Amino acid sequence: MPRSKIQFQEGLSLREFVNKYGTEEQCRDLLFKARWPDGYRCPKCSHELYYYVQTRRVFQCRQCRHQHSLITNTIFTSSKLPLTVWFLAIFFMTQSKEGMAALPMSRYLGISFNAAIRMKHKLQMVMKQADDVQPLFGLVQIDDAYWGGKRHGCKRGRGAAGKTPMIAALSRDTKGYPRHIRFSRVAGFSSDEIKRWSEKHLAPKRAVFT
Ligand SMILES: [Zn+2]
């Protein structure tokens, strides 16, 4: 089963990064493939055909008319910032062990200091959760429904209705510097599904998350 993922290559220069992820379309394209590697499916009725409502940037199911956006239920949901800014922030945050301070980040990204702090906080939580789980290659859930370790309203293993469970994996080099961040869609957060995901995505020599 093919699984697309967002992955920034090791040693990617800022120039290369901007070439690859410098436009909103490029970022949306990548996120779409990560969320729906086998093509869009309505989260309500699983129908595959949809209209794209350009003005509201939502996918509307042709069968049940349910509307869903690319960023619904991701860490990007409640943010008004474009994906290009988020992607760039992830790039900066993963360039060193310390990440990047909010002040230079706000200047580089052209966003307010407060916005930079909020963004950093979200990304750091993703990275910290990765550290807590597994120091070399961690798993975290980026779905807002499971944000901060709270799983309100979630039926174990199946996910809340209409949510797309996503896993972000962060790998580090031997010095502990973050190298890759990878987002994948999973069927749910049951231990079986996590095990399946781990076997597929984690190198055998690494300990498997349990
Ligand atoms: Zn539908």
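Since the structure is predicted, the reported quantities are computational estimates derived from the model, not experimental observations. (Residues numbered from 1 in each chain as written. Predicted model: local features only at pLDDT ≥ 70, side-chain atom pairs only at ≥ 80, totals over all residues. Heavy atoms only, no water.)

Time to look at the overall build of the protein chain. Each helix and strand in the protein chain was counted, giving six helices and six strands. Each helix (α) and strand (β) of the protein chain, taken in turn from the N terminus, gives the series α-α-β-β-β-α-α-α-β-β-β-α. With 210 residues in all, the protein chain has 47% of them scored as buried. Split by element, the accessible area of the protein chain, about 11,600 Å² in all, is 51% carbon and sulfur. (Helix = DSSP H or I, 4+ residues; strand = E, 2+ residues; numbered from the N terminus. Buried < 20%, exposed > 50% of the residue type's maximum accessible area, 1.4 Å probe, protein only. Areas by Shrake-Rupley, 256 points an atom, 1.4 Å probe, with all protein chains shown as cover.)

With that settled, the discussion passes to the packing of aromatic side chains. The way to describe two aromatic rings as a pair is by their centre distance and the angle between their planes. Under the criterion given, the structure shown has 15 aromatic pairs. Ring geometry for Y40 versus Y50: centroids 4.9 Å apart, planes at 65°, classification edge-to-face. With a gap of 10 residues between them, Y40 in the loop between α2 (24–35) and β1 (50–53) and Y50 in strand β1 connect regions that are remote in the sequence. What makes Y40 buried here is its relative accessible area of 4%. On the numbers, 5.2 Å between centres and 85° between planes, the contact of Y50 with F59 is edge-to-face. Above the plane of the ring of Y51 lies R62, whose end atom (NZ or CZ) is 4.4 Å from the centre. (Phe/Tyr/Trp six-rings, centres within 6.5 Å; stacked < 30°, edge-to-face > 60°. Lys NZ or Arg CZ within 6 Å of the ring centre and 35° of its normal.)

This part takes up the side chain of E24. As for its placement among the helices and strands, E24 is situated in helix α2. Comment: no salt bridge for buried E24; closest opposite-charge side chain is R57, at 4.5 Å. There is a polar contact of 2.7 Å between the side chain of E24 and the backbone nitrogen of L83. Beyond its immediate sequence surroundings of up to four residues, E24 is in contact with R57, P82, L83 and T84. (Lys, Arg positive; Asp, Glu negative; His and termini not counted. Salt bridge = Lys/Arg side-chain N within 4 Å of Asp/Glu carboxyl O. Polar contact = N/O pair within 3.5 Å; in protein donor to acceptor, adjacent residues only side chain to side chain. Contact = heavy atoms within 4.5 Å.)

What follows deals with the pairing of β1. Here β1 runs beside strand β2 (residues 58–61); their pairing, made up of four bridges, is antiparallel. Across the sheet, the residue bridging to V53 is V58, located in β2. Between the antiparallel neighbours β1 and β2 lie four residues, among them R57 with a positive phi of about 55°. (Pairing = 2+ DSSP bridges.)

Phi at R57 takes a positive value of approximately 55°, unusual for a residue other than glycine. Residue placement: R57 occurs in the loop between β1 and β2. Here the phi dihedral of R65 falls at roughly 65°; this positive angle occurs in a residue that is not glycine. Along the chain, R65 falls in the loop between β2 and β3 (67–69). Relative accessible area serves as the criterion here: at 59%, R65 is assigned to the exposed category.

Around the zinc ion, the protein contributes the donor atoms C42 (SG), C45 (SG), C61 (SG) and C64 (SG), which lie 2.3 to 2.4 Å from the metal centre. If you look at the zinc ion, its four donor atoms make angles of 100 to 116° with each other, and the shape they trace is tetrahedral. In the primary structure, the donors to the zinc ion are separated according to the pattern C-x2-C-x15-C-x2-C. Taken together, the positions of C45 in the loop between α2 and β1 and C61 in strand β2 put the pair 16 residues apart, joining distant regions of the chain. (Donors = N, O, S within 2.8 Å, 3.2 Å for Na, K, Ca; no water. Tetrahedral: all angles 85-135°; square planar, octahedral: opposite > 155°, others 65-115°.)

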